[in-house]
Amino acid sequence: MCGIVGYIGGKRAVDFLLDGLTKLEYRGYDSAGIAANCGENIFIEKSVGRLDSLKEKLKNRLPAGTVGIGHTRWATHGRPSDLNAHPHTDCHGNFVVVHNGIIENYMPLKEELIARGHKFISETDTEVVAHLLEEVYTGDFVGAVREVLNKIEGSYSLVFMSKMHPDVLLCAKQENPLVVGLGKGENFIASDIPAIIAHTRDTFILNDGEIAIVKKDSVQILNRQGGLVDKKIFHVSWNAEAAEKGGYEHFMLKEINEQPKAVRDTMSKRIAKDGASIILDELNWDKNFLNSINKIYIVACGTAYHAGLVGKFYIEKLVRKLVEVDLASEYRYRDPIVDDKTLVIVISQSGETLDTLAALKESKRLGAKTLAITNVVGSSMAREAENVIHTWAGPEIAVASTKAYTTQLILMFMLALYMAQVAETISGDEIKRLISLLKKIPAQISETLSDVEPIKTFARQYGFNEDVFYIGRSLDYCVALEGALKLKEISYIHAEAYASGELKHGTLALIVEGVPVIALATQKSVYDKTLSNIKEVKARDAIVIGIAAANDIELEKYLDHVIFVPETDELLIPLLTVVPLQLLAYYAAITRGCDVDKPRNLAKSVTVE
Ligand code: AGP
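**Student:** Give me the lowdown on helix H10 (residues 302–319), citing residues and values where you can.
**Tutor:** With 18 residues, H10 should cover 26 Å at 1.5 Å per step; its first-to-last C-alpha distance of 25 Å lies within 8% of that length. Here H10 lies mainly inside the structure; 13 of its 18 residues are buried. In the segment just after H10, Arg-320 is the residue with positive phi, at about 60°.

Shown next as C-alpha cells:
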C-alpha cells in the first residue's frame, strides 16, 4: 500500500510532492522518491529509508519544475533500496512512472523486454510499465498508456510523466485508490485524500478502468473504452485526521475492512491460472526436502502465535507432518530439540518482534531449516530466515492486529496446500476443490463485514461486563484465543478463551448467571460435543452468543444470540469467524471509551524482551 502524489500547475512541484508524501507516510515508508519535469530533463531523486532520507538528499538542490510525481513505498516486489524506490523510468528516461499495487504478469513481460534489449535497473514489477511505454509509444501519450494497460494484469494505481509531454500527467486506476484534486490553475494527484486536503476539497475519485488526463487548467476522465466520462466532483468534508483513516473513525476499523483486499492481494499471483495448484516462487522445496523434515515448529507471539495454531491444523491435516506451535518467549529458553531435520516457521507481522527474532536465530544456530512469514519486506526476520514469504496486507497501523492475522491464515493455508502438492499427500481434485473455496474467501469476508449492527448491539449490551469467556473446539478454539486477545487488548475487559471440553475441569466454576460466553461452533467434526458444552453453560444461566456457519438453525435454539458466517470448508472458516470477534472487540472498546488504535501499555512492535 504505497503513497502516490502528483502536481501540475504554476508553482514548484516538489513543494507539494514532499508535503503530500509526508501526509501519506502511514501508507508505507521503506523508501521514497520524486521526479520533476524541468524542461530539458526530468530530475529524479530517490532514497531508501524514511522520507527524511529523501529530504536530506534534496537539501539545497530542490528542482524548479512545475510538473512532478512522487512516491513513498511499502515494498512487495524487490527489497527496500535506492534502486527499487519509485519513480521508475524506461531505458532513456523519457517516461517516468510511480505505482501502487501488484503487476501480476510482470515476470514474463520483463523477460520479453530484456530479450528485446531493454536494460532494467530495479527488481520491481513497476519498472516493466515504463519499458512497455517506451516500446509502444509513437507520439500519442494517451494511446500508448492505454496500450500498456491492456498488457498488464493485476491491481494498480499508476501516474505517468513524459519528457515529450511536459504539460500533462496521466493516471490509471485499477483496484488501488487514486484521486485528482481540482485546483485553480493547478491540479493535484494522490493515492489518498490526506495529501491534497490542504490544497483543495474538490476531487475526482477515479473508478477502476478510468484514466485521468491531468493538465494545469483541465482534467479529462476516460473510461476503459477511451470514451469521455462525465465525472461528478466529490467534495471532501473530512478533516485531515479522518482522511488518513479513509473516513473510518480508527485505523483498526479501516484495517478490519481492508481484509478482503489484503487477503486477495496475498493470494494474488500464488494461485495457478487453472486453479489447480499453489505457486510459491519463494520456495523451491521438493519431495526429498519435505521427506528430510521430521519435525516442524511454528514459533510466534500474540496474534501471530494464534495464526500459528491454525497453521498447525492446516499442515497436519493436509501434509500429515507433526507440527508443534510455541510461544517465542518460551521456545527460545527451552533448549528446544532442533536439528537439521527440523523446519522452523516464524510468523510475525512486523518481522521485528524480538522474542520471535531471537527464536529464529537460535533455530538457525541449532541447524534448522527456517522460513519467515512476515508483512514487512526487508524486516529483520525477512533478512535472517533462509526463506521468506510475505503477506501483502499493507501497513498495519493499529496496535491490535487484524488484517495481518487473516493474511497470515491465508498464507499458512496456501503453504500447507503447496506442501501437500509437493508431498502428494492429497489428490489433485482435493487441491482444486480447496483452491476454489479459497478464492471465495475475500467476498465472504466482505459479506461477513456487511452486517455489523447486531455486533454493535452486543457490544453495547455486554461491553460493561468485566469477564467474558470464549469457547470452542478444534479450529474454533484457535479463533476463540484470538477473539479473547482482541477484546482484552483494546477494551481492557478480562476475556479468557477455553477449549470448551476443558470447562468442566475447573473454569465452569466461573460460569454464573449473566456471564457472557462467546461460543464458536463451526467445526462439524466436533459439533455435538460443542453443542453439549453450550448446554453446560446455558444450564448455569450464562448469556451465550454463538458464532455459527450460515443456516445452522439447530444451534440457534440453544443460544441467546447468534452471528452467522458464510459456509465454507471447516479448515477455512477461521478466516470468517474471526471477523465478528474483531468487530465485537472494536465496538466494546468504543462503548468503554478506550483508545482503540493505541491501547494502554502496548506497542505495535515489541522489540524488547
Ligand atoms: C496483536 O493484536 C498484538 N498487537 C500482539 O499480540 C502482536 O500480535 C504480537 O506482538 C506479535 O507481533 P508481530 O506479529 O509483529 O511479531
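**Student:** Please give an account of the sheet that holds strand E8 (residues 169–174) that cites residues and values.
**Tutor:** Note on sheets: strands pair through backbone hydrogen bonds, and any given pair is parallel or antiparallel. Spatially, six strands are ordered E5-E6-E7-E8-E12-E13 in an open sheet, and the strand pairing comes out antiparallel. Across the chains shown, the open sheet's two edge strands, defined by having one partner strand only, are strand E5 (88–89) and strand E13 (219–222). Bridging between strand E12 (residues 211–214) and E13 involves four bridges; their strand directions are antiparallel. Paired with Val-214 across the two strands is Val-219, which belongs to E13. Relative to the sheet, helix H4 (residues 127–136) contacts E5, strand E6 (95–103) and strand E7 (154–162), its axis offset from that of E6 by approximately 130°.

**Student:** Any chance you could break down empty space enclosed by the protein for me, citing the residues and the numbers?
**Tutor:** Tallied over the entire structure, the rule returns two cavities of 30 Å³ or more. The calculated volume of the largest cavity comes to roughly 80 Å³. Along its surface, the largest cavity is lined by 13 residues, and Tyr-462, Val-468, Leu-487, Ile-518 and Leu-584 are the ones closest to its centre. Elements supplying a minimum of two residues to the lining of the largest cavity: helix H17 (453–462), strand E20 (467–472), strand E22 (516–521) and helix H21 (574–591). Sorting elements by how many residues they give to the lining of the largest cavity places H17 first, with three residues.

**Student:** Tell me what's going on with the packing of aromatic side chains, and back it up with residues and numbers.
**Tutor:** Per the counting criterion, the structure on display carries ten aromatic pairs. Centroid distance Phe-95 to Phe-141: 6.2 Å. Interplanar angle 35°. Geometry classified as tilted. Linking Phe-95 in strand E6 with Phe-141 in helix H5 (residues 141–151), this pair joins segments that are 46 residues apart in sequence. Taking the relative accessible area as the measure of exposure, Phe-95 reaches 3% and is therefore buried. Looking at Phe-141, the relative accessible area reads 3%, which means it is buried. Ring geometry for Trp-285 versus Tyr-418: centroids 6.4 Å apart, planes at 50°, classification tilted. With Trp-285 in the loop between helix H8 (259–267) and helix H9 (287–292) and Tyr-418 in helix H14 (residues 403–423), this pair connects stretches of sequence that are 133 residues apart. Judged by relative accessible area, Trp-285 falls into the buried class, the value being 7%. Grouping aromatic residues by their ring pairs yields a cluster made of Tyr-7, Phe-16 and Phe-188. Here Arg-270 stacks its cationic end above the ring of Trp-392, 4.1 Å away from the centre of that ring. Sitting over the face of the ring of Tyr-492, Arg-600 holds its NZ or CZ atom 3.7 Å from the ring centroid.

**Student:** Please set out unusual backbone geometry residue by residue, giving values where relevant.
**Tutor:** Glycine aside, negative phi is the norm for most residues, and most peptide bonds take the trans geometry. Going from His-86 to Pro-87, the amide bond is cis rather than trans, its omega being 5°. Considering the arrangement of structural elements, one finds Pro-87 in the loop between strand E4 (67–73) and E5. In this model, Asp-541 sits at a positive phi of 65°, which is unusual for a non-glycine residue. Within the secondary structure, Asp-541 is located in the loop between helix H19 (527–538) and strand E23 (543–549). For Asp-541, a relative accessible area of 45% translates into the label partly exposed.

Rules used throughout
Residues numbered from 1 in each chain as written. Predicted model: local features only at pLDDT ≥ 70, side-chain atom pairs only at ≥ 80, totals over all residues. Heavy atoms only, no water. Helix = DSSP H or I, 4+ residues; strand = E, 2+ residues; numbered from the N terminus. Expected span 1.5 Å × (residues − 1). Buried < 20%, exposed > 50% of the residue type's maximum accessible area, 1.4 Å probe, protein only. Pairing = 2+ DSSP bridges. Contact = heavy atoms within 4.5 Å. Axes fitted to C-alpha atoms, helices over the stretch in contact; angles between N-to-C directions. 1 Å grid on protein atoms, 1.4 Å probe; cavity = no way out; pocket = protein on both sides within 12 Å on 5 of 7 lines; lining within 4 Å. Points joined across faces, edges and corners; volume = space filled by probe spheres on them. Phe/Tyr/Trp six-rings, centres within 6.5 Å; stacked < 30°, edge-to-face > 60°. Lys NZ or Arg CZ within 6 Å of the ring centre and 35° of its normal.

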